[in-house]
Amino acid sequence: NAGVMQNPRHLVRRRGQEARLRCSPMKGHSHVYWYRQLPEEGLKFMVYLQKENIIDESGMPKERFSAEFPKEGPSILRIQQVVRGDSAAYFCASSGQGSLTEAFFGQGTRLTVV
Amino acid sequence: DQQVKQNSPSLSVQEGRISILNCDYTNSMFDYFLWYKKYPAEGPTFLISISSIKDKNEDGRFTVFLNKSAKHLSLHIVPSQPGDSAVYFCAASGANAGKSTFGDGTTLTVKP
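Residues numbered from 1 in each chain as written. Chains lettered and ligands numbered in written order. Predicted model: local features only at pLDDT ≥ 70, side-chain atom pairs only at ≥ 80, totals over all residues. Heavy atoms only, no water.

Asker: Explain the interface of chain A and chain B to me, using residue names and the numbers behind them.
Answerer: At the interface, 23 residues of chain A touch 20 residues of chain B. Around 1700 Å² of area is buried between chain A and chain B when both sides are counted, 55% of it from carbon and sulfur atoms. Inspection of the region where chain A meets chain B yields two salt bridges. Between A:Lys44 and B:Asp104 there is a salt bridge, with the nearest N and O atoms lying 4.0 Å from each other. The tally of links between chain A and chain B comes to seven residue pairs in polar contact (both at pLDDT 80 or more). Here the residues of the side of chain A that touches chain B are counted per class, giving nine nonpolar, eight polar and six charged. (Contact = heavy atoms within 4.5 Å. Buried area = accessible area lost by both parts, 1.4 Å probe. Salt bridge = Lys/Arg side-chain N within 4 Å of Asp/Glu carboxyl O. Polar contact = N/O pair within 3.5 Å; in protein donor to acceptor, adjacent residues only side chain to side chain. Nonpolar A, V, L, I, M, F, W, Y, C, P; charged D, E, K, R; others polar.)

Asker: Kindly report on the environment of A:Ala89, identifying the contributing residues and their values.
Answerer: Looking at the secondary structure, you find A:Ala89 in strand E9 (residues 88–95). For the pair formed by A:Ala89 and A:Pro39, sequence separation is 50 residues and the distance between their alpha carbons is 8.2 Å. (Helix = DSSP H or I, 4+ residues; strand = E, 2+ residues; numbered from the N terminus.)

Asker: How would you summarise the sheet that holds strand E8 (residues 72–77) of chain B if you had to cite specific residues and measurements?
Answerer: Hydrogen bonds between backbone atoms are what pair the strands of a sheet, whose relative direction is either parallel or antiparallel. Spatially, the five strands line up as an open sheet ordered E1-E3-E8-E7-E6 (chain B), and their pairing is antiparallel. Whereas interior strands pair on both sides, the edge strands pair on one side only; in this sheet they are strand E1 (4–5) and strand E6 (56–59) of chain B. (Pairing = 2+ DSSP bridges.)

Asker: Explain the pairing of strand E9 (residues 86–93) of chain B to me, and be specific about the residues and the numbers.
Answerer: One face of the sheet, then the other: side chains in a regular strand alternate in exactly this way. Residue and element names in this part refer to chain B. Most of E9 is tucked away: seven of the eight residues are buried. Relative to E9, strand E4 (residues 32–38) runs antiparallel, the two being bridged by seven bridges. Across the sheet, Lys38 pairs through a bridge with Val87, a residue of E9. Sheet topology note: the E9/strand E11 (residues 106–111) ladder contains three bridges and is antiparallel. Looking at the pairing, Val87 lines up with Thr107 of E11. One ladder, built from three bridges, connects E9 with strand E10 (residues 100–102); its direction is antiparallel. Within the sheet, the bridge partner assigned to Ala91 lies in E10 and is Phe102. Here E9 folds back onto E10, and the loop between the two strands holds six residues. (Buried < 20%, exposed > 50% of the residue type's maximum accessible area, 1.4 Å probe, protein only.)

Scope: geometric values only; no functional claims are made or implied.
In structure tokens form, the structure reads like this:
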């Protein structure tokens, strides 16, 4: 049973380009969470999605960032017009239900903006 | 304002001894507390958790203690092994543990 799959593992973008990060949850999981980790810091919650719905986006920056979890296919975190400050590790997690169940994390995508 | 704090960035212990990692929180509405372990270039791995209605949870070599009045929890690893060397994150959540607030982590080094 494959775990949470994220791709790409590493992504390099020039300033102003778009970054697309993909996440396939564990089989049977319908809840997806995106977190960002800046160097020397903990993980910061960004957004919580279920299929075709954004449940909680309280941690998402107001501009340039968006997320989706379509009926078919992986969840996508999209960052438009990237800036150097977007360089970070982005982790996706999934869970089977949304209450008192720990989330299972993917290996992350390390975004570098040059 | 950081709601979950791990005040020790690093901890070094000898193999076989006890490792104690500490975590403080400020939000009394948290229902659930979790510890994750993270190796470099990998995602966090769930280790152990505790509900706010309990004060202790044990799983093999790992025990988590919760002191609600002090808003403090700790993770005890006994005996520590070199393979335990990693970054340990404390996290806290409301009713949905998938949406958690993380501390900045403590790097544990277990020396052979």
